[in-house]
Amino acid sequence: MSQLGLTAFENAAIWAVLGVAVLGLAYALFLRKQVLAEDTGTAKMQEVWGAIRDGADAYLRRQLRSIIPLIVILTIAMYFSVAIVPPTPEALERFHGLDNATVSLYIGLGRAIGFIMGSLFSLTVGQIGMRMAVQANVRVASAARYSFGDALRIAYRAGTITGMLTDGLGLLGGTLIFVVFGIAAPDALLGFGFGGTLLALFMRVGGGIFTKAADVGADLVGKVENDIPEDDPRNPAVVADLVGDNVGDCAGMAADIFESYEVTIVSGLILGVALFHITGHIEWLIYPLIVRGIGVLSSIIGTYFVKAGKEGTSEKAMSAIFSGFLTSAAISVVLFFIAAYFYLNVFAGNDPMPGGWWRTPLAVGVGVLLAILIDRMTEYFTGTHKSPVQEIKKAADTGPATLILQGIAVGYESSVWAVVTIAATIVGSIFIFGGLSADPVENVTFILYGVAMTGIGMLTLTGNNVAMDSFGPIADNAAGIGEMSWSETKTEETDRAQQIMADLDAVGNTTKAITKGVAIGSAVIAAVSLFGSFLVDVSRAQASLGIPLAERIANIGIRVDIPQVFVGMLIGGALPWLFSSFAVQAVSRASALIVQEARRQFRLGVLEGKVPPDYKQAVGIATTAAQKELVPLALLGVLTPILVGLLLKVEALGGFLAGIILSGQLLAVFMNNAGGAWDNAKKLIEDEPRDAAKGLGKGSERHKAAVVGDTVGDPMKDTAGPALNPMIKVVNLVSVIVAPIVVQYAELGIGGWVAVALLVAGLYWAIRTSKRPAEALTK
């Protein structure tokens, strides 16, 4: 960092941020010790828990073997993405005195190592987070026998472990790369962000397919065909369903938010470097790191405000969780402004920040507000006590068709208001940073930096967000363990415990939907920021080739009146739909196999108790099916932007990014909220007193209609919708990485056309593999 000329305060601040990252990791270890000290319940509960644990471990081992070969290939690609283009001015400045080839070698190695770091950190967050969720679920079930508050505390703090791992590793990796590479850090951080994003896509897709194949199969054969309760121990798919909650919502979501956490800092630092060259202020790079450190501390404090008494309800649990989130948010915003006042104002002396010190913390504060607004908006559209879900419940009176139509309507409306909220946030950045430069290009850079800071602010409370998400599958698994363990030994104590877990499960559905909403919103903000980074990097590459200023992309913009750009935008808008189609088809294929296996075991007499259910068969089927889909779906996001750039040129690639950001946002929110609303409508009907004469409760026609709606929504809210978040960012990061290459090799030549042919072949294979027909069960 010596080449940056940092002050003593700035050096101390960076080392303090590293210390906070270590503190976050230490706090995760502290919470782990607390959670593991809790009671694990009866021998029967531990037996069910052991089956879930074994299934989750087997899935993660198989997934690791599936993705390592692609990680090796892409690590090599990361190195050559730098080696075949001239080094950036920042890289030459960082390694002053070395020749271009040596500088490219160092930056290429930095990007490759960053890619490995991002991949490993994302994998670590997902795997350890999932394993802690598995450790917690039996302890929550045990605690629910005695206390609502204890069950809530254990579930939330177990989720916080994953949150602190996300915070700590994300902050540690990003800050270490900045310490080593200084002004050239964005070049290496692109690899770090891409590694985390790609692993998140793998874990999201694989986990989503596993969990929903098992869930849909278990519900169709169990609830609809045989009228047995959810989590009935006689259902051969029930353990696979419980395992799926962990590999999808814990491992997948943790990795997803981790990569969002990284991508926002990557885009912020790329734009910060641009502003550093414009204004000479290194504060554009240092302040985002300080913000991230503040967020970790605030999340730790907020953990202790999530508590309830011995008795409670779902409303009290939701209120407790939201109070913890608001506490962290309030602490964060206050500290943002205090840090900015001293660092950007008092310590600046006679060299103040352009436009005043207050603009940057205000943009970060707007990001925190955006997270709260999305939180409230998602709860409104998916919460059990709000009118949208109540209307869906009412629609069950007239059958599954009207219930599905009502859920679709809710999803459509929620997507519109989410886009309006994000648009208002970007407009806020225009008001905050607009007009700081008379040069229109520089002015856009200021505004886009504000958008990046909004994204950083939005994910400041990552610890809280991940805790809220992990809370959902922990509560769901706890309810499943209780149902399977106490089905034959019902007592007043177990009935009370099951009601507590049902309440926590309903809250968990809403918190999962909320965190998915935040993840989707952050994906869009990060994508807009990366779009700005794309413009900066393309203009820089064009400048290195001597292209006149008036002809660079930063000056002429992305013009949709140019046919190639419009074509790129159409392709970008279509890609999320193709990706979602293939993801849902994958769930359909896998769930068909689960249904066949469950029916086979029922024919053997599992329901009558003639033979015990073989849970491992369904787990194995879901695991194998999920792994087959990982690489084809990932290649859609990796290969398509490269092909668009090479064939239609860099301006069309910009249009492609604009299309995927808008289309992906609308589709992801629709699927997330419609699916969440259907799920909670089903739970409301299940909570009714069972009365066949009045058509109330489980087993009624209304309940069967709700199960059908929930089954339709499951792959939308837990597979395709969430997987769009990392997919959008994979596309954006690949575009930023490949853009200088596209500019450098505008004329393809023989080698370029060979590369295009290979890319087309890879894309054809991915599409054909994703469209293959469902397999028949061999036995």
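A brief structural summary. Just so you know, these numbers come straight off a predicted model, no measurement behind them.

About the thresholds
Residues numbered from 1 in each chain as written. Predicted model: local features only at pLDDT ≥ 70, side-chain atom pairs only at ≥ 80, totals over all residues. Heavy atoms only, no water. Helix = DSSP H or I, 4+ residues; strand = E, 2+ residues; numbered from the N terminus. Rg over C-alpha atoms; globule rule 2.2 N^0.38 Å. Buried < 20%, exposed > 50% of the residue type's maximum accessible area, 1.4 Å probe, protein only. Contact = heavy atoms within 4.5 Å. Core = buried A, V, L, I, M, F, W, Y, C linked by side-chain atoms within 4.5 Å. Axes fitted to C-alpha atoms, helices over the stretch in contact; angles between N-to-C directions. Parallel < 35°, antiparallel > 145°, perpendicular 65-115°, else oblique. Nonpolar A, V, L, I, M, F, W, Y, C, P; charged D, E, K, R; others polar. Expected span 1.5 Å × (residues − 1). Bend = angle between axes of the 7 residues up to and from the residue. Left-handed = near helix turned anticlockwise from the far one by under 90°. Salt bridge = Lys/Arg side-chain N within 4 Å of Asp/Glu carboxyl O. Phe/Tyr/Trp six-rings, centres within 6.5 Å; stacked < 30°, edge-to-face > 60°. Lys NZ or Arg CZ within 6 Å of the ring centre and 35° of its normal.

So, about the overall build of the protein. On a plain count of helices and strands, the protein comes out with 20 helices and 0 strands. Computed over C-alpha atoms, the radius of gyration of the protein comes to 26 Å, within 12% of the 28 Å expected from 2.2 N^0.38 for 779 residues, which places it in the range of a compact globule. Overall, the protein is about 80 × 60 × 40 Å in size when its C-alpha atoms are taken along their principal axes. Each of the 779 residues in the protein was classed as buried or not, and the buried ones make up 64%. Counted over contacts in the protein with a minimum sequence separation of 6, partners at least 24 positions apart contribute 86%.

Looking now at the nonpolar core. By size, the foremost hydrophobic cluster in this structure holds 257 residues, and its most contacted members are F194, Y287, L504, F534 and F579. Sorting elements by how many residues they give to this core places helix α18 (residues 615-686) first, with 34 residues. Every residue in contact with L504, bar those within four places of it in the chain, is listed here: F148, A151, L152, A317, F471 and A475. Listed in part, the 7 residues of the second largest apolar core include V221, I228, A598 and F602.

Right, let's get into the side chain of T769. Turning to its location among the elements, T769 is positioned in helix α20 (residues 749-770). Residue classification places T769 among the buried residues on the basis of a relative accessible area of 17%.

Moving on: unusual backbone geometry. One non-glycine residue, K649, lies in the positive phi region at around 80°. Along the polypeptide, K649 turns up in helix α18.

Moving on to the packing of helix α7 (residues 238-279) against helix α8 (residues 283-303). Contact geometry of α7 with α8 gives a least axis separation of 7 Å together with a crossing angle of 150°. Judged by the angle between their axes, α7 and α8 are roughly antiparallel. Each of Y261, T264, I265, L269, G272, V273, L275, F276 and T279 in α7 lies in contact with α8, whose residues at this interface are W284, L285, P288, L289, R292 and V296. Grouping the amino acids of the contact of α7 with α8 by side-chain chemistry returns 11 nonpolar, 3 polar and 1 charged.

A few words on helix α6 (residues 185-226). Over its 42 residues, α6 extends 59 Å from the first C-alpha to the last, a length consistent with the 62 Å expected when each residue adds 1.5 Å. Its maximal kink placed at D219, α6 deviates by approximately 25°. Taking burial as the measure, the 42 residues of α6 include 38 buried ones, the bulk of the element. Immediately beyond the C-terminal end of α6, within one or two residues, lies D227, with a positive phi of roughly 55°.

Before going further, it helps to spend a moment on the packing of helix α10 (residues 359-382) against helix α15 (residues 492-544). Relative orientation and spacing of two packed helices are given, respectively, by the angle between their axes and the distance between those axes. Interhelical geometry of α10 versus α15 gives an angle of 135° and a closest axis separation of 8 Å. It follows that α10 is oblique to α15 by the angle criterion. Where α10 crosses over α15, the handedness of that crossing is right-handed. From α10, L370, A371, I374, D375, T378, E379 and T382 reach across to α15, where they touch T510, A513, I514, G517, V518, G521 and I525. Here the residues of the contact of α10 with α15 sort into 7 nonpolar, 5 polar and 2 charged.

Another aspect to go through is the pattern of salt bridges. Tallied over the full model, the rule gives 21 salt bridges. One salt bridge connects R376 with E379, and the closest N-O pair in it is separated by 2.5 Å. Taken as a pair, R376 and E379 lie in helix α10 at a separation of 3 residues, close to a single helical turn. We classify E379 as buried; its relative accessible area is 13%. One salt bridge in this structure joins D710 and K682, with 3.0 Å as the shortest N-O distance.

Attention shifts here to the environment of A622. Along the chain, the position of A622 falls in helix α18. Taking relative accessible area as the criterion, A622 reaches 1% and is therefore assigned buried. Placed 381 residues apart in sequence, A622 and D241 show a C-alpha to C-alpha distance of 9.5 Å.

Our next topic: the packing of aromatic side chains. If you walk through the whole model with that rule in mind, you get 22 aromatic pairs. Geometrically, the ring pair formed by F337 and W357 is edge-to-face, given 6.4 Å between the ring centres and 85° between the ring planes. Of this pair, F337 sits in helix α9 (residues 314-346) while W357 sits in the loop between α9 and α10; the two residues are 20 residues apart in sequence, bridging distant segments of the chain. Accessibility expressed as a relative area gives 26% for F337, which makes it partly exposed. With a relative accessible area of 23%, W357 lands in the partly exposed category. Chaining the aromatic ring pairs together yields one cluster made of F9, F337, Y341, F342, Y343, F347 and W357. Over the ring of W49 we find R53; its NZ or CZ atom is 4.5 Å from the centre of that ring. In this arrangement the basic side chain of R292 is found over the ring face of Y261, its NZ or CZ atom lying 3.9 Å from the centre.

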